[in-house]
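Single-letter residue listing:
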Amino acid sequence: MEKILEVKDLHVTFRTYGGTVKAVRGVDFHLNKGETLAIVGESGCGKSVTSNAIMRLIPDPPGKISNGSIRFKDKEITRLSEKQMRAIRGVDISMIFQDPMTALNPTLTIGTQLMEGLQQHRKITPTQAKAKALNMMELVGIPNAEERLKQYPHQFSGGMRQRIVIAMALICEPELLIADEPTTALDVTIQAQILELFERIQDATGVSIILITHDLGVVAKIADRVAVMYAGKIIEVGDKREIFYESQHPYTKGLLNSVPRLDLQGEKLTPIDGTPPDLFSPPQGCPFTARCPFAMEVCDKVYPVTTARSTSHKVDCWLQDERAKQLLATAEK
Ligand code: SF4
Ligand code: MG
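Worth saying up front: this structure is predicted, and the values here are computed from it rather than measured.

Colleague: Tell me what's going on with the environment of Tyr251, and back it up with residues and numbers.
Modeller: As for its placement among the helices and strands, Tyr251 is situated in helix α11 (residues 250–257). On the neighbour-count criterion, Tyr251 (26 C-beta atoms within 10 Å) is buried. Residues Tyr251 and Tyr230, spaced 21 residues apart in sequence, show a C-alpha to C-alpha distance of 8.1 Å.

Below, the structure is given as structure tokens:
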């Protein structure tokens, strides 16, 4: 499989009056062409910071990509100039945010906004630009496109606005689409429609997608692979089946247990007790130690080695280590 993106040992820090926040602490992952990778975790775990780093949208100062590599096709993103990045953003890599209103200009028609990006980056006549805009409206499922292009954002519902934002993100035919909580601001039925739209778009265009979300329902619906982040690290990664049915990390299991399941109506949800560690001075060992029912002495002191359970499934937890299992077995006797 062709890798379109490869992130290695990514570190992102933010300087504040209170000290330096280590928001992303050595993250590795890759994205294959045409697949959807979901990055999940609670707010503050570093998932949005990671996606902003790929777009080089970390405000510097106070933020900084302090170490690591982000390889997009043959380009090392961390080394590009701002001018080179401007040629990539919205063209090769596009991003969609939670609130569609912030992405749309209330004073311009939808048609103008759709065609603007295209005309900035492509040598194209106004007629060709309009044809492409109509085409995109159709792709994202907005009827009466010819009329709708003349209207302003406030004339559309929230769900329709998110469709327009998606059309804008796709109009230059990017190879990578990053969607940060793209359905969080929408009501449940509209959410389902937008998720179906992502699937349809991926089938039609072959775009690779990074989906940032805290919602495992969204993940279950459209992800191929899942990376679980906690306290600035990816603590477990695997294909969807491995994460939903064979998860190994106590944090991933906790996340799954705190989600309502259709097949277990009436069962009590068990949210994970406690809060994530302070990222001003993150623990040197496993960051989940304070909340983990299985924590051992080693956990607090040494960060767990990464165990590969399959070519796709990797876990950072001492429970995976044979020596730890033996210790547990003797303790339980
Ligand atoms: Fe729990 Fe230890 Fe595994 Fe961390 S390494 S998740 S504290 S068992
Ligand atoms: Mg976020």
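Colleague: Before we move on, could you go through the sheet that holds strand β9 (residues 225–230) and cite the residues and values that matter?
Modeller: Spatially, the 8 strands line up as an open sheet ordered β6-β7-β8-β3-β9-β10-β12-β11, and their pairing is mixed. Sheet topology places β6 (93–96) and β11 (306–308) at the edges, where each strand pairs with a single neighbour. The sheet shows a mean angle of 20° between the axes of neighbouring strands, direction not considered. Where β9 lies against strand β10 (residues 233–239), 6 bridges are found, and the strand directions are antiparallel. Bridge assignment links Met229 to a residue of β10, and that residue is Ile234.

Colleague: With reference to specific residues and values, describe the pairing of β10.
Modeller: The buried fraction of β10 is high, at 6 of 7 residues. In this antiparallel pair of consecutive strands, β9 and β10, the connection spans 2 residues, and Ala231 shows a positive phi of 50°. Two strands pair when backbone bridges link them, and β10 and strand β12 (residues 314–316) are joined in this way by 2 bridges, in the antiparallel orientation. What sits directly across from Val237, in β12, is Lys314.

Colleague: Explain helix α4 (residues 110–121) to me, using residue names and the numbers behind them.
Modeller: Looking at α4, one finds that the buried residues are Ile110, Gln113, Leu114, Met115 and Leu118. Those residues of α4 that are buried are in contact with α5 (126–139), α6 (145–148) and α7 (158–170).

Colleague: Can you explain the domain arrangement of the protein chain? Please cite residues and give values.
Modeller: Segmentation of the protein chain into domains returns domain 1 (3–92 + 176–190 + 204–332) and domain 2 (103–173). If you average the C-alpha positions of domain 1 and of domain 2, the two centres end up 32 Å apart. Taken together, the 9 residues of domain 1 in the interface contact 10 residues of domain 2. Looking at which element gives the most residues to the side of domain 1 that touches domain 2, the answer is helix α8 (residues 188–205), with 3 residues. Class assignment of the residues belonging to the side of domain 1 that touches domain 2 gives a composition of 7 nonpolar, 2 polar and no charged.

Rules used in this analysis
Residues numbered from 1 in each chain as written. Chains lettered and ligands numbered in written order. Predicted model: local features only at pLDDT ≥ 70, side-chain atom pairs only at ≥ 80, totals over all residues. Helix = DSSP H or I, 4+ residues; strand = E, 2+ residues; numbered from the N terminus. Buried ≥ 20, exposed ≤ 12 C-beta atoms within 10 Å, placed from the backbone. Pairing = 2+ DSSP bridges. Axes fitted to C-alpha atoms, helices over the stretch in contact; angles between N-to-C directions. Contact = placed C-beta atoms within 7 Å. Domains from an automatic or database assignment. Nonpolar A, V, L, I, M, F, W, Y, C, P; charged D, E, K, R; others polar.

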